[in-house]
Amino acid sequence: MRFNIKALASLSQGPPANFDKEGKLWVHRIPPGIPQKPERRERWCRLTGNLLFLMQSPSQRSDPVEVIVLERCHVVESGDNHSALRIKFESGETDLCLEAGTASALQSWITVLREANSESLREKILHLQRLLMAMTASVEADSPKAGGARADAILVPELPLVEFSLACQALASPARDRKPNSMLQISVVNTLERSLAAYSCTEIVEGTRDPLFLTGVTFPPDYPLCEETVLKLTVYDVRDRSAESRSFLGFASFSVGDLLKEHQLTLSLRTSDGTSAVGAVVVSRLSMGEAQNGETEQVTAADATGQKHTVVCDPPEGSLRGGDSGPLTSAVFRNPVCKVYRFQTTDSKWMLVREKMAECTLSFHIPKQLLKLYIQEDMTRIQELQGLGELSPHWDNLRKELMGHLGQAIRSYQEVLTELSKMGGTSFKPSCCKAEKYLEFIPINLHTQRMQVTSPKQTETAYDIITVGAPAAHSLGFKNGGLRRQLGRFEAEKKSFSTTYQCIYFSPEDTAKARGVLASISQLQPLISSLADQLMQAARQRSAESLKETLKTLCDTTERFVHAMKEELVKSAHLALHAARPDYVSDSVGTNGSPPREDGPAPLKRQNSVPPRVDYDEEEWDRVWTNVAKSLNCIIAMVDRLQELDSNEQEVSPEPTLADVITSHTPDVDGWQEKIYPLVVTLKDCVMEVVDRAKKSMTFVLLQEAACSLPQGLLLRQRRDTVFSQALTALSCGFIMRLNAGMQDEGFLQQLHLVGVLAQFESLLSTYSEEIGMLEDMEVGIADLHSVTFKITEAKSSDAVDLQPKVCGWRECYTVEVPLPCRVFRLLPAEVKGQPLHVYPVLFNVGINQQQTLAERFGDVSLQERINQKNFYHLENYYKSLSDKVPLKCLPPFQTQTNLKELLGSLSQHVAARKKKNVEILWLAGAICRRLNGIRFTSCKSAKDRTSMSVTLEQCSLLRDEHQLDSENFSRALDCMRREGCRIENVQKNIKCRKYAFNGLQLMAFPKCYRPPDGTYGKAET
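Since we're looking at a predicted model, the values are computed, not measured.

### Details of the overall build of the protein
Scanning the protein from terminus to terminus reveals 27 helices and 25 strands. Each of the 1022 residues in the protein was classed as buried or not, and the buried ones make up 51%. The contacts of the protein with a sequence gap of at least 6 include a subset with a gap of at least 24, amounting to 72%. If you sum the accessible surface of the protein, you get close to 47,200 Å²; carbon and sulfur atoms cover 51% of it.

Take a look at the structure:
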């Protein structure tokens, strides 16, 4: 490799003003597998653009010895040194370690180094261009001379959507015996800087001089484009797809303004010297509003190059294209990637297909909220443990140990939260960072993808899908399996570890109940107290109607409270807590205070695990919670009596005089308040006594559960928190996208209210090696989503901050509040406003890669079979519930005539069959999900390679089945999407390389329909 040494040396010796940052750092590299401590050297470091110069000595004027190009690398804090950072290179080179003198100096270096790359610079430029666009629009709107656009305007906010198709005519043959395999590259010319930026490419059309390209060109609305922007089209002849060898044929250029005026341009292709013509390129704008009766023109493949190309109607206001933008979507989805295609139908007409892939701001927003809730819940638990009072030495030691572990977990979560807070503006976690400790709660490669289809004689249709890496704890590894295996082993060990009463076994259901009781207490006790105060206020005002309404609400709330306290677990835990007091006395305890030895297994029944205390009254707890009901009955009776007396006085008393009112009004009011006040105080006291005892009892249940599992139980909980955070973030993204698409669908909103929405997760993980652990993690994470509810609320304003979802609740019971703009919220039916909306997640997995081949021949696929059978049962139950409560006519119509019962029956047969790589399970589950108005998710290890194959196959299958895509063009359409569509852009975003991470040997094990086209796969960092 050659490079200009003198120019680099001169650049490194420039004045300080030329550098973004400079200073002294300790520099060293750590080769992998070498245990000895590396040699450190202090050097002067200078950063300019994406170049980091390492000087020979700590002196500013020393010569450079090394220059680092900060591309395709990641800057992270060193885990073993809080004043050091590491630069990790995707190419596999040795990590570069830099140490600063102080933590603040280190943070400043991390900040500038993370932004010192071309991608960050490009984002800054786009951000500034958007600001210029907004400023230009504002100035022109305020200007009295805003009638026409200025000739020198940098950006034109009112510029229409720019989309066009491409075709070539009479291309010159590169050789006598061969016609060209042509491909078009589209570039944007920067006339000010005299530079060229590649924007997109078409697919390769083989063996013709008149190629018609299916892949078009689209610029998203926020792309910095104006009428003066010049686009360059370059035609290449691709000799070998796999080797990427191509030769230049010719080029042409045009301005955006020319295309907007002429609608169709026929440009002469010139050689590099501009002298001779080598053919022509036809650019046809895919404009809106020019076709008659809402239909596209009939253009056949034979005459397409000589006629006007596809013309598509502008959709009416409120259609899908209009619903694809707005405050809600702009607040949650960002950085869109857009592609456009035209495909031929079976009747020789053309359909227009748009792909749009976007990142989701929830990738970091939801995990940050969950971390705060985790921290808050653990801090509350520490306070509750401290409130247990005096315990015997054994239990007191366990309490201290548990509090220590909880404190350590809190510090760990706070550290992660602090690191995430520093990453402002980020909305995407690439696949290469899946094992990063500080990013473990962030879902991998989370993106939304929408395919919009406009075809003849059909309404515009959209199909949405969420792609995300399998929710799994990559940072914790899979040496001991995933959550499902570890939880099963943990429960078995916990039972065997239990001893008579020093460690009483409580099932996972019991501990979940205990957390539920504690949550009910924290929710209902303040509510009862508030209602009691409102009752006193109504009595003070002598308002009979207000008194009656408040009393009814108080009765309902207190009844829920008493019902929660009647749980048998509360009573048995109350008894167990008494047995753990220091003054406990029992005949079963020896004189030395130690429990008797038992050769048999430890008893598992709670009521037999604790020997009864001699001086403990087992009916005491019943009397305590019964007193709450009795005191409430006294209030009810007193209110009824007061209202009856008031009614009798109004019937018999004559018209009062002014003197009577003055002398009698105040005493009567005080009489109501004085009679109710002692009863309300008694109710509050009884409730507080119940709360105090129940809190301590349930906290003791959690202490006992932790006593049998320290520290493994808390480590498992951390793993479960990690997986759940990734799963909930993906689900929230999907829910918002589905809600936005179905805002005007009355059938969907009715289904959402009466039953809930289905969330179908498709997984392509194998049941071999580490991916078994990932699948076990994913299974538990998806199952935990059953306890999640959503609530649609009204946003305070249309600002992006106020439109971000809010998570509240506690472990095993979270609610995600989705705020909508006021004008949108008011249009919703009252049944879905502020009400809990349920989600029913199901997971289907079929491995398709070479590792699955090994699992089917030499390993075990029982995990996959069990998951599919179990989740088919959940899917069938959802369908039955939906059929009972919602008319099936509310479901979306499809062109295929197969009904849901037949699809479910077919899926049942495939799930029961022991067929290798039975991908029809995934196809059927996806089809059923779409027919049930569900949310579609697709995952593999990193949502990059296998996921891309699945998404593109599903999209083309929908075009074939629902929009009459010509079966002869199916493979070509599939190759277009895989070669130049949104999914290859996703690969580029993740690994900075446009190659799917497959090799030829691996693809031999893939089903044929999941194999990428030649030239799109190869060796890549994954």
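### Remarks on the sheet that holds strand E19 (residues 461-467)
Backbone hydrogen bonds hold the strands of a sheet together, and the pairing may be parallel or antiparallel. Strand order in this open sheet of 10 strands is E16-E17-E18-E19-E25-E20-E24-E21-E23-E22, and the pairing throughout is mixed. Since the sheet does not close on itself, it has two edges, and those belong to strand E16 (333-344) and strand E22 (806-810), each with one partner. The average undirected angle you get between the axes of adjacent strands in this sheet is 25 degrees. Sheet topology note: the strand E17 (residues 350-360)/strand E18 (residues 447-454) ladder contains eight bridges and is antiparallel. From the neighbouring strand, Leu352 faces E18, where its bridge partner is Thr454.

### Let's talk about unusual backbone geometry
Positive phi values are uncommon outside glycine, yet Ala943 reaches one of about 60 degrees. Within the fold, Ala943 resides in the loop between strand E25 (935-939) and helix H24 (946-963). You can call Ala943 buried: its relative accessible area is 0%. The backbone phi angle of Gln964 is positive, close to 55 degrees, even though this residue is not glycine. Structurally, Gln964 can be placed in the loop between H24 and helix H25 (970-980).

### Description of the confidence of the model for the protein
Residues at a pLDDT of 70 or more form 83% of the protein, whose mean pLDDT is 82. Taken together, the stretch residues 587-614 has pLDDT below 50 and engages in 40 contacts with residues farther than four places along the chain or on a different chain. Segment residues 658-669 is flagged for pLDDT under 50; beyond a separation of four residues in sequence, or across chains, it makes six contacts in the model.

### A few points about the pattern of salt bridges
Going through the model one piece at a time under the given rule, you end up with 40 salt bridges. As a salt-bridge pair, Arg930 and Glu954 come within 2.9 Å of each other at their nearest N and O atoms. Placement of the pair is Arg930 in helix H23 (residues 920-931) and Glu954 in helix H24, with a sequence separation of 24 residues. For Arg930, a relative accessible area of 14% gives the class buried. When salt bridges that share partners are traced, they join Glu377, Asp378, Arg717, Asp721 and Arg811 into one network.

### Some details on the pairing of strand E21 (residues 789-794)
Judged from the six bridges that link them, E21 and strand E23 (residues 813-820) form a sheet pairing that is parallel. Looking across to E23, one finds that Thr793 is bridged to Pro819.

### A word on the side chain of Arg930
Only 3.3 Å separates the side chain of Arg930 from the backbone oxygen of Asp464, close enough to count as a polar contact. Discounting residues that sit within four places of it in the chain, Arg930 has contacts with Tyr463, Asp464, Ile465, Pro892, Phe894, Arg936, Glu954 and Leu958.

### Focus on H24
The terminal C-alpha atoms of H24 lie 25 Å apart, and with 18 residues this matches the ideal 26 Å at 1.5 Å per residue to within 8%. Burial within H24 is extensive, with 16 of its 18 residues counted as buried. Positioned one or two residues after H24, Gln964 has a phi angle of 55 degrees, which is positive.

### Topic: H23
Relative to the 16 Å expected for 12 residues at 1.5 Å per residue, H23 spans 16 Å between its end C-alpha atoms, a close match to the ideal helical length. Buried within H23 we find Ile921, Leu922, Leu924, Ala925, Gly926, Ile928, Cys929, Arg930 and Arg931. Phi turns positive one or two residues past the end of H23, at Asn933, with a value near 60 degrees.

### Considerations on the sheet that holds strand E1 (residues 21-30)
One open sheet accounts for seven strands, arranged E4-E3-E2-E1-E7-E6-E5; its pairing is antiparallel. Whereas interior strands pair on both sides, the edge strands pair on one side only; in this sheet they are strand E4 (64-69) and strand E5 (73-77). Here the average twist between neighbouring strands, direction ignored, is 35 degrees. As paired strands, E1 and strand E7 (residues 95-99) are joined by five bridges and run antiparallel to one another. When the bridges of E7 are listed, Ile30 appears paired with Asp95.

### Describing the packing of aromatic side chains
Going through the model one piece at a time under the given rule, you end up with 16 aromatic pairs. Between Phe219 and Tyr223, the ring centres sit 5.2 Å apart and the planes meet at 55 degrees, which makes this aromatic pair tilted. On the basis of relative accessible area, Tyr223 is assigned to the partly exposed category, the value being 22%. For the pair Phe998 and Phe1006, a centre-to-centre distance of 5.1 Å together with 65 degrees between the ring planes defines the contact as edge-to-face. With a relative accessible area of 5%, Phe998 lands in the buried category. A residue is classified by how much of its surface remains accessible, and Phe1006, at 4% relative accessible area, is buried. In this structure an aromatic cluster arises from ring pairing among Tyr199, Phe219 and Tyr223. A cation sits over an aromatic face here: Arg246 above Tyr236, 4.0 Å from the ring centre. Cation over ring: Arg738 sits above Phe748, and NZ or CZ is 4.1 Å from the ring centre.

Conventions we followed
Residues numbered from 1 in each chain as written. Predicted model: local features only at pLDDT ≥ 70, side-chain atom pairs only at ≥ 80, totals over all residues. Heavy atoms only, no water. Helix = DSSP H or I, 4+ residues; strand = E, 2+ residues; numbered from the N terminus. Buried < 20%, exposed > 50% of the residue type's maximum accessible area, 1.4 Å probe, protein only. Contact = heavy atoms within 4.5 Å. Areas by Shrake-Rupley, 256 points an atom, 1.4 Å probe, with all protein chains shown as cover. Pairing = 2+ DSSP bridges. Axes fitted to C-alpha atoms, helices over the stretch in contact; angles between N-to-C directions. pLDDT = per-residue confidence, 0-100. Salt bridge = Lys/Arg side-chain N within 4 Å of Asp/Glu carboxyl O. Polar contact = N/O pair within 3.5 Å; in protein donor to acceptor, adjacent residues only side chain to side chain. Expected span 1.5 Å × (residues − 1). Phe/Tyr/Trp six-rings, centres within 6.5 Å; stacked < 30°, edge-to-face > 60°. Lys NZ or Arg CZ within 6 Å of the ring centre and 35° of its normal.

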